[in-house]
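Here is how the chains run, residue by residue.
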2 protein chains.
Amino acid sequence: MYKNVSLSDQIFERLEEDILFGVYPKGEILTELKLSESLGVSRTPVREALKMLEQEHLIEDCGKGMMVLGITLEDAMNIYEIRKRIEGLAAARCAVTATDEQLQEIKETVELQEFYVSRGDSEKIKEQDTLFHELIYKYSGSAVFYDTLIPLHRKIQKFRKTSMEQKSKADQSLAEHKRIIEALLSRDPFKAEAAMDEHAEHAQFRLADTFNVETGKDH
Amino acid sequence: MYKNVSLSDQIFERLEEDILFGVYPKGEILTELKLSESLGVSRTPVREALKMLEQEHLIEDCGKGMMVLGITLEDAMNIYEIRKRIEGLAAARCAVTATDEQLQEIKETVELQEFYVSRGDSEKIKEQDTLFHELIYKYSGSAVFYDTLIPLHRKIQKFRKTSMEQKSKADQSLAEHKRIIEALLSRDPFKAEAAMDEHAEHAQFRLADTFNVETGKDH
DNA sequence: ACGTGAATACTTGTATACAATTATACAAGT
DNA sequence: ACTTGTATAATTGTATACAAGTATTCACGT
């Protein structure tokens, strides 16, 4: 399920990160030829990587190459609106369907996150946060949750990392993860759903606070 | 935003439909060479089509080719669980952000749907149903909703079509679409959200009834 | 100065060739 | 009968060649 060994995949991951972290700013135009030359490979794997980025809606064909779209703060807020509504469900399913070993795997990410929070390493915190959520999607018992939530969660990694640079926010996030893993370990889908819903809600607040956005209501 | 002209895209659409409708049953193995020969094209576009199908999780690399996964009834039920939670939000946004022309475009699909319901043409009903929902995603004001909901809605088209073969269910669905477009035209996000949420809920019931599934609760 | 049109360069889509990996079949030894 | 090793076949990953379409440039006429 998770092999990223081919050149195409490597290039995809690299470009995805570069786009999400602004190395290639919005509006920049990427062409197969230039990328293949700068990366020292042929057009074929570059082309496949661009196809994947296009499917993720991070770039767009603009006639003279692929234009970088990237992720706006507004996109991120909308992603949280969606996550608030379905991550709890995924967590509830996970509480019921995951094996004990899988729950231990999730627990491990919380412990590592605690370690990195004590060190103030926001990059590593973000990594464990990513793993925590992705494992819950993975063990939710249906690929539908995984496939739907993974791209959303991946796309906001830059914003998540920035939030984690504030100690108080990193502490809050960790505390919420602890409540979630506790609910999962006690096999309580209701508690897991509630804890995850609250986590998503708070994470959105933290994002809004970090970037001084009006949280507001949807309508 | 919507150009599907290249061979890759044509092959993708054809294979996607064939997989979703069971022409290629679950477990069947597709190889680039065989497909390229049977379609009379080179491996390159076939390869790209397979990459897209893999990203949509409809096929999976199994070492000796790509194995067809397809969509199970359980997947479809999970997709409805997700749609129930976020389609209402998309509709609410649409009520606020869509232009009058765009709303007319949506209304048009309801009128065509009514025509096809009177004829009992389930294929055409499904097509207009698809268009109705996809336009709402599209005019929801954020690509995030579109990108998230489109693959989910596409994947269950076979189940939607089967449901629409029963006159009573087609009538119900049409009536619900009418309520939604009415709310959209009155620019009422709350009514639009409520009407869409109810529609998704009922559509799930109709699916469950059609295939004799326990609707149950999530947990 | 401005529009028009042709030539040019750029970019992608597709086909094909080749290399490398992996699966398969089959034979030999225990 | 079962494993092991080897040869063979199948399959994909990557590079490259070529064609077609599209944008750009620049010269020319007005």
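If you're wondering where the values come from, they're calculated on a predicted model, not measured in any experiment.

Colleague: For this particular structure, what's the right way to read the overall build of chain A?
Modeller: Looking only at helices and strands, one finds ten helices and three strands in chain A. Computed over the C-alpha atoms, the radius of gyration of chain A is 18 Å, within 12% of the 17 Å expected from 2.2 N^0.38 for a compact globule of 219 residues. On the principal axes, the C-alpha backbone points of chain A span a range of 55 × 40 × 40 Å. Evaluated residue by residue, chain A yields a buried proportion of 51% over its 219 residues. Counted over contacts in chain A with a minimum sequence separation of 6, partners at least 24 positions apart contribute 73%. For chain A, the accessible area works out to roughly 9,900 Å², and carbon and sulfur atoms hold 50% of it. The averaged location of the 41 negative side-chain charges in chain A is 1 Å from the averaged location of its 30 positive side-chain charges.

Colleague: Please explain the interface of chain B and chain A as it appears in this structure.
Modeller: On the side of chain A, 36 residues touch chain B, which itself brings 36 residues to the contact. The junction of chain B with chain A conceals about 3,100 Å² of combined surface from both sides, 57% of it contributed by carbon and sulfur atoms. Our enumeration of links across chain B and chain A arrives at four salt bridges. Residues lysine 51 of chain B and glutamate 48 of chain A are paired through a salt bridge, measuring 3.1 Å at the closest nitrogen-oxygen approach.

Colleague: Looking at this structure, how should I read the sheet that holds strand 2 (residues 59–61) of chain B?
Modeller: Picture the strands of a sheet paired through backbone hydrogen bonds; they go either parallel or antiparallel. Residues and elements named next belong to chain B. Taken in spatial order, the three strands make up an open sheet running 1-3-2, and their pairing is antiparallel. Each edge of the open sheet carries a strand with a single partner, namely strand 1 (29–30) and strand 2. As paired elements, strand 1 and strand 3 (residues 66–68) share two bridges and run antiparallel to each other. Within the sheet, the bridge partner assigned to leucine 30 lies in strand 3 and is methionine 66. Along the sheet, helix 3 (residues 43–55) makes contact with strand 1, strand 2 and strand 3, crossing strand 2 at roughly 105°.

Colleague: Just to check I follow, could you spell out the environment of glutamine 10 of chain B for this structure?
Modeller: Residues and elements named next belong to chain B. With respect to the helices and strands, the residue glutamine 10 is situated in helix 1 (residues 7–20). For glutamine 10, a relative accessible area of 44% puts it in the partly exposed group. Through-space distance from the C-alpha of glutamine 10 to that of valine 46 is 9.7 Å; in sequence the pair is 36 residues apart.

Colleague: Help me understand unusual backbone geometry, please; the structure alone is not making it clear to me.
Modeller: With glycine set apart, most residues show a phi of negative sign, and most peptide bonds adopt trans. Residue and element names in this part refer to chain B. Even without being glycine, histidine 57 reaches a positive phi, approximately 65°. On the secondary structure map, histidine 57 appears in the loop between helix 3 and strand 2. Using a relative accessible area of 22% as the deciding quantity, one classes histidine 57 as partly exposed. Look at arginine 187: it is not a glycine, yet its phi comes out positive at around 60°. Along the chain, the position of arginine 187 falls in the loop between helix 9 (167–185) and helix 10 (189–210).

Colleague: Looking at this structure, how should I read the domain arrangement of chain A?
Modeller: Often, the extent of an interface is quoted as the loss of accessible area on bringing the components together. Residues and elements named next belong to chain A. Once the domains are mapped, chain A shows domain 1 (7–68) and domain 2 (73–215). Distance from the C-alpha centre of domain 1 to the C-alpha centre of domain 2: 28 Å. With six residues of domain 1 at the contact, the number on the domain 2 side is seven residues. Among the residues of domain 1 in contact with domain 2, Leu20, Phe21 and Glu56 are the three that bury the most area, contributing 79% of the side total. Summed over the shared surface of domain 1 and domain 2, the number is one residue pair in polar contact (both at pLDDT 80 or more). Residues of the side of domain 1 that touches domain 2, tallied by class, amount to three nonpolar, one polar and two charged.

Colleague: Even after reading the chapter, I still don't get the pattern of salt bridges, so can you show me in this structure?
Modeller: Any two side chains of opposite charge can pair if their charged atoms end up close together. Residue and element names in this part refer to chain B. Considering all chains together, one arrives at 38 salt bridges over all chains under this definition. Measuring nitrogen to oxygen at the nearest pair gives 2.9 Å for the salt bridge that ties arginine 43 to glutamate 32. Residue arginine 43 is located in helix 3, and its partner glutamate 32 is located in helix 2 (residues 32–39); the two are separated by eleven residues in the primary sequence. Take arginine 43: its relative accessible area is 44%, and that puts it in the partly exposed class.

Colleague: Just to check I follow, could you spell out the protein's contact with DNA strand D for this structure?
Modeller: Taken together, the neighbourhood of DNA strand D is formed by 16 residues, with Leu7, Ser42 and Thr44 of chain A together with Arg43 and Arg47 of chain B sitting nearest. Of everything in DNA strand D that lies within 4 Å of the protein, sugar and phosphate atoms constitute 58%. Between DNA strand D and serine 42 of chain A there is a distance of 2.6 Å, counted from a phosphate oxygen to a side-chain nitrogen or oxygen. A distance of 2.8 Å separates a base nitrogen of DNA strand D from a polar side-chain atom of threonine 44 of chain A. Sorting the residues of the surface near DNA strand D by element identifies helix 1 (7–20) and helix 3 (43–55) of chain A together with helix 2 and helix 3 of chain B as the ones contributing at least two each. With three residues, helix 3 of chain A is the single largest residue contributor to the surface near DNA strand D. Looking at side-chain class alone, the surface near DNA strand D contains three nonpolar, six polar and seven charged residues.

Reading guide: rules and limits
Residues numbered from 1 in each chain as written. Chains lettered and ligands numbered in written order. Predicted model: local features only at pLDDT ≥ 70, side-chain atom pairs only at ≥ 80, totals over all residues. Heavy atoms only, no water. Helix = DSSP H or I, 4+ residues; strand = E, 2+ residues; numbered from the N terminus. Rg over C-alpha atoms; globule rule 2.2 N^0.38 Å. Buried < 20%, exposed > 50% of the residue type's maximum accessible area, 1.4 Å probe, protein only. Contact = heavy atoms within 4.5 Å. Areas by Shrake-Rupley, 256 points an atom, 1.4 Å probe, with all protein chains shown as cover. Lys, Arg positive; Asp, Glu negative; His and termini not counted. Charge placed at Lys NZ, Arg CZ, Asp CG, Glu CD. Buried area = accessible area lost by both parts, 1.4 Å probe. Salt bridge = Lys/Arg side-chain N within 4 Å of Asp/Glu carboxyl O. Pairing = 2+ DSSP bridges. Axes fitted to C-alpha atoms, helices over the stretch in contact; angles between N-to-C directions. Domains from an automatic or database assignment. Polar contact = N/O pair within 3.5 Å; in protein donor to acceptor, adjacent residues only side chain to side chain. Nonpolar A, V, L, I, M, F, W, Y, C, P; charged D, E, K, R; others polar. Near = heavy atom within 4 Å.

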